[in-house]
Amino acid sequence: MREFTFGQYYPANSVVHKMDARAKLIITIAFIVAIFVVEGFFSFIYVAGFLVFAILLAKLPIRAVVKTIKPILILVLFTAVLNLFFYQKGEIIWEFGFIKIRDEAVRFCLYMAIRLILLVMGSSLMTLTTQPVELTDAIESLLTPLKWVRFPVHELALIMSIALRYIPILMDEADRIIRAQKARGADFESGNIFARAKAMIPILIPLLVSSFRRANELADAMDARCYSGGANRTKFKQFHIGLNDVMGVMSVVSLIMLIITTNAVLF
Amino acid sequence: MSIKIENLSFIYNPKGAFKKEALKNITLTINKGEFFGIIGHTGSGKSTLIQHFNALIMPQSGTLEVAGIKVVEGSKELKSLRAKCGMVFQYPEYQLFGETVEEDIAFGLINFIGKKTEKNPSGLTDQEIKERVKEAMELVGLSYNEFAMRSPFQLSGGQKRRVAIAGIIVTKPEILILDEPSSGLDPKGKQEILQLIRNLKETTSDTIIMISHDMDEIAENCSRVAVIAKGEIVMCMSPEELFTHEEALVGLSLDIPIVAKVRNALALKGIDVPYNRDYKVFAKTVAEKIAGGAK
Ligand SMILES: Nc1ncnc2c1ncn2[C@@H]1O[C@H](COP(=O)(O)OP(=O)(O)OP(=O)(O)O)[C@@H](O)[C@H]1O
Ligand SMILES: [Mg+2]
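Conventions and cut-offs
- Residues numbered from 1 in each chain as written.
- Chains lettered and ligands numbered in written order.
- Predicted model: local features only at pLDDT ≥ 70, side-chain atom pairs only at ≥ 80, totals over all residues.
- Heavy atoms only, no water.
- Helix = DSSP H or I, 4+ residues; strand = E, 2+ residues; numbered from the N terminus.
- Buried < 20%, exposed > 50% of the residue type's maximum accessible area, 1.4 Å probe, protein only.
- Contact = heavy atoms within 4.5 Å.
- Axes fitted to C-alpha atoms, helices over the stretch in contact; angles between N-to-C directions.
- Parallel < 35°, antiparallel > 145°, perpendicular 65-115°, else oblique.
- Left-handed = near helix turned anticlockwise from the far one by under 90°.
- Nonpolar A, V, L, I, M, F, W, Y, C, P; charged D, E, K, R; others polar.
- Near = heavy atom within 4 Å.
- Polar contact = N/O pair within 3.5 Å; in protein donor to acceptor, adjacent residues only side chain to side chain.
- Areas by Shrake-Rupley, 256 points an atom, 1.4 Å probe, with all protein chains shown as cover.
- Salt bridge = Lys/Arg side-chain N within 4 Å of Asp/Glu carboxyl O.
- Buried area = accessible area lost by both parts, 1.4 Å probe.
- Domains from an automatic or database assignment.
- Core = buried A, V, L, I, M, F, W, Y, C linked by side-chain atoms within 4.5 Å.
- Pairing = 2+ DSSP bridges.
- Phe/Tyr/Trp six-rings, centres within 6.5 Å; stacked < 30°, edge-to-face > 60°.
- Patch = residues over 30% accessible without salt bridge, like charges linked within 9 Å, V, L, I, M, F, W, Y side chains within 5 Å.

Now for the environment of B:E73. Along the chain, B:E73 turns up in the loop between β5 (69-70) and α2 (78-84). Considering only alpha carbons, one finds B:E73 and B:Q60, 13 residues apart in sequence, at a separation of 9.6 Å.

Put into structure tokens, the structure is as follows:
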């Protein structure tokens, strides 16, 4: 169960782990922009190179990063195949009955698949190297300007961090309840789809009940400690912009520039 | 022999970054008719071990045989194993889901034996299910008339726990495993739950395996105890003998009953009397010994 949480924090002692979470967030967003700026096939090599370099720098096993694309693989294949048949531009290069495949469609599908995979791997690299709390702190910090228009930035960040914090707890709880019901002979694997949906009830109800219980306990605990929102709160971990952060942001900016120049030269 | 474990080891997430060796080379035999205790510091692997017994966790290495059934991946007998070997989890009240207490208790019964239909002639009729639920409720000390139709979510903590236990023993398992059955209850609630477990040993489940943090509970009930530390069984003997190893237990952050401490202190002073779980009997033997020695 615990292995399932994809892109979950992977502890290691590396420069990437130690970077300012805000810098990592900006780099990730810029990286995603870079993926979509690419026009020629050739530029993907830069992007992939950048990603591999970052993974090595983060001292992560390649396997841990590659594993994060597993959940979306089906989606990628499905959309790629659909597009292959229905994309209507370009020369027909292969024809069989009513199936026509065009050169533009092949190009389009490949681009999309590569983009999606790079996108997921890039953003997983961020969550693999950043603790959820740091991440929400970073979002809060970057959204601070919105406080001027009375947007509840702190509350939003709090909701996000609580939600993120509770995902593994709820998964453990679900795991526990599943085992407890299995001990009472519950069977989740056999029967038709309706029987299986019905078999979920003994899991979902206790899970729901315990989520409410936890929410209540958390609210009480926050009350007991006089929690009163964002104003004047200090942070346990302060952000510090360091040389590595500046270099990271600069390198992703250079990546985008490189791609734009390549685009201009080639087209 | 009820449970036979040989060289059992278990590692959580063997390949990931969160690899955790939870059991190391466990060899243990639990006999039919025993009231067997398992004690150990938090995180020592107690829960991991007992979840092997009804195939909720499959052995990674080593062999395990429970009630004559070999626990191996893909075995067809696992469901009947779970019926024979009931398991009460830690805080079992968090697994309740039924609309009524009766529905919740009947869940295991219907899963294991099934309702009587044309395809399942050996199943139970509605009347039989009701009888079995009633019997189980009475065994855990809940009146059928008063509680059967109530929602389990409206009961007190101790009552919920009784409902959860009834939901396990309703199938009359030969072996009953309980993971810290008294944790989180007040002293009176603890006593009541333990009395209930002793009664179950006489009525439905001949072999009882109980995890506990409380040496007094172990001393009072168990015929044999295994001490687990860091995934290994370090001692396995009767409570009386165990309590003579006071220093070793303290080293494992375990405490022994106060009477046992007094016994050990007296033994050092040359008054060597056997430990007795009943402190009055113990005091009497000590007094006799002293009086006899003075003569
Ligand atoms: N699902 C899991 N994934 C990874 N590690 C686990 C998992 N469950 C337990 N562990 C680890 O395995 C070790 C043994 O856990 P176990 O639950 O068996 O301990 P325990 O003796 O029952 O403790 P307690 O007295 O607190 O209930 C612990 O260190 C625990 O952190
Ligand atoms: Mg436990």
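Residue and element names in this part refer to chain B. The residue L176 is located in strand β7 (residues 175-179) in this model. By relative accessible area, which is 0% here, L176 ends up buried. The spacing of L176 and M87 is 89 residues in sequence and 6.0 Å in space, taken between C-alpha atoms. With near-sequence residues (within four places) excluded, L176 lies in contact with G86, V88, I168, I169, L200, S205, T207, I208 and I209.

The next point concerns the packing of helix α7 (residues 132-143) of chain A against helix α8 (residues 153-183) of chain A. Residue and element names in this part refer to chain A. One way to put it is that α7 packs onto α8 with a least axis distance of 9 Å and a crossing angle of 165 degrees. When the axis of α7 is compared with that of α8, the two are roughly antiparallel. Crossing angle aside, the handedness with which α7 passes α8 is right-handed. Here P132, T136, I139, E140 and L143 of α7 lie close against α8, whose contacting residues are V153, H154, L156, A157, M160, S161 and L164. By residue class, the composition of the contact of α7 with α8 is eight nonpolar, three polar and one charged.

A few words on the site of ligand 1. In the vicinity of ligand 1 there are 15 residues, among which B:T42, B:G43, B:K46, B:S47 and B:T48 approach most closely. Site remark: ligand 1 is flanked by residues from chains A and B. Contacts to ligand 1 include B:K20, whose side-chain N or O atom sits 3.4 Å from an oxygen atom. B:K46 is positioned with one of its side-chain polar atoms (N or O) 2.7 Å from an oxygen atom of ligand 1. Burial of ligand 1 by the protein amounts to 76% of the accessible area it has alone, namely 640 Å².

As a further point, take the pattern of salt bridges. Pairing between side chains of opposite charge can happen when their charged atoms approach one another. Within the structure shown, the criterion is met by 18 salt bridges over all chains. Where A:R214 meets A:E173, a salt bridge forms, and the shortest distance between an N and an O atom there is 2.4 Å. In this pair, A:R214 is assigned in helix α10 (residues 201-224) and A:E173 in helix α8, connecting sequence segments 41 residues apart. For A:E173, a relative accessible area of 6% puts it in the buried group. Overlapping salt bridges bring together B:R162, B:K188 and B:E192 as one network.

Let us now look at the interface of chain B and chain A. Contacts between chain B and chain A engage 26 residues on the former and 22 residues on the latter. For the pair chain B and chain A, the summed buried area comes to about 2,100 Å², and 58% of that belongs to carbon and sulfur atoms. When the buried area of chain B at its contact with chain A is split by residue, B:Y94, B:Q95 and B:F97 rank highest and sum to 27% of it. Where chain B packs against chain A, one counts one salt bridge. Here B:D104 makes a salt bridge to A:R184, at a shortest N to O gap of 3.1 Å. With five residues, helix α3 (residues 101-112) of chain B is the single largest residue contributor to the side of chain B that touches chain A.

Moving on: the domain arrangement of chain A. Its domain assignment divides chain A into domain 1 (1-130 + 237-267) and domain 2 (160-236). The distance between the C-alpha centroids of domain 1 of chain A and domain 2 of chain A comes to 33 Å.

Here we take up the nonpolar core. Residue and element names in this part refer to chain B. With 56 residues, the main nonpolar core has I105, M137 and L242 as its most contacted residues. Sorting elements by how many residues they give to this core places helix α6 (residues 157-169) first, with six residues. Setting aside chain neighbours within four positions, we find L242 in contact with M215, V225, V227, M235, M237 and L249. Of all hydrophobic cores here, the second largest spans 36 residues; its members include A22, I30, I38 and I177.

In this section: the sheet that holds strand β2 (residues 20-30) of chain B. Residues and elements named next belong to chain B. Sheet architecture is open: four strands sit in the order β2-β1-β4-β5, paired in antiparallel fashion. Of all the strands in the sheet, the pair left with one neighbour each is β2 and β5. Where strand β1 (residues 3-12) meets strand β4 (residues 61-66), five bridges bridge the pair, whose relative direction is antiparallel. Its bridge partner being in β4, I3 is matched across the sheet by V66. Against the sheet, helix α1 (residues 46-53) contacts β1, β2 and β4, and its axis sits at roughly 125 degrees relative to β1.

Residue and element names in this part refer to chain B. Burial runs high along strand β3 (residues 35-40): six of the six residues are buried. Neither face of β3 is open: one carries F35, G37 and I39, the other F36, I38 and G40, and all of them are buried. Sheet topology places β3 next to strand β8 (residues 207-211); four bridges connect them, and they run parallel. Across the sheet, residue F35 finds its bridge partner in β8, namely I208. Judged from the five bridges that link them, β3 and strand β9 (residues 224-229) form a sheet pairing that is parallel. Bridge assignment links G37 to a residue of β9, and that residue is V225.

Okay, the packing of aromatic side chains next. Counted by the stated rule, this structure contains ten aromatic pairs over all chains. The interplanar angle of 25 degrees and the centroid separation of 5.8 Å between the aromatic rings of A:F31 and A:F50 together place this pair among those described as stacked. With a gap of 19 residues between them, A:F31 in helix α2 (residues 21-37) and A:F50 in helix α3 (residues 43-57) connect regions that are remote in the sequence. Their ring planes at 80 degrees and their centres at 5.1 Å tell us that B:F243 and B:Y275 sit as a pair that is edge-to-face. Taken together, the residues B:F243 in the loop between α9 (239-242) and α10 (246-251) and B:Y275 in the loop between α11 (258-268) and α12 (279-294) connect sequence positions 32 residues apart.

Residue and element names in this part refer to chain A. Residues F41, I93, W94, F96, V106 and L110 make up a contiguous nonpolar surface patch of about 620 Å² in total accessible area. Counting residues per element, the ones that place at least two in the nonpolar patch are β1 (92-96) and α6 (103-129). It is β1 that provides the largest number of residues to the nonpolar patch, a total of three residues. With respect to the secondary-structure elements, I93 resides in strand β1.

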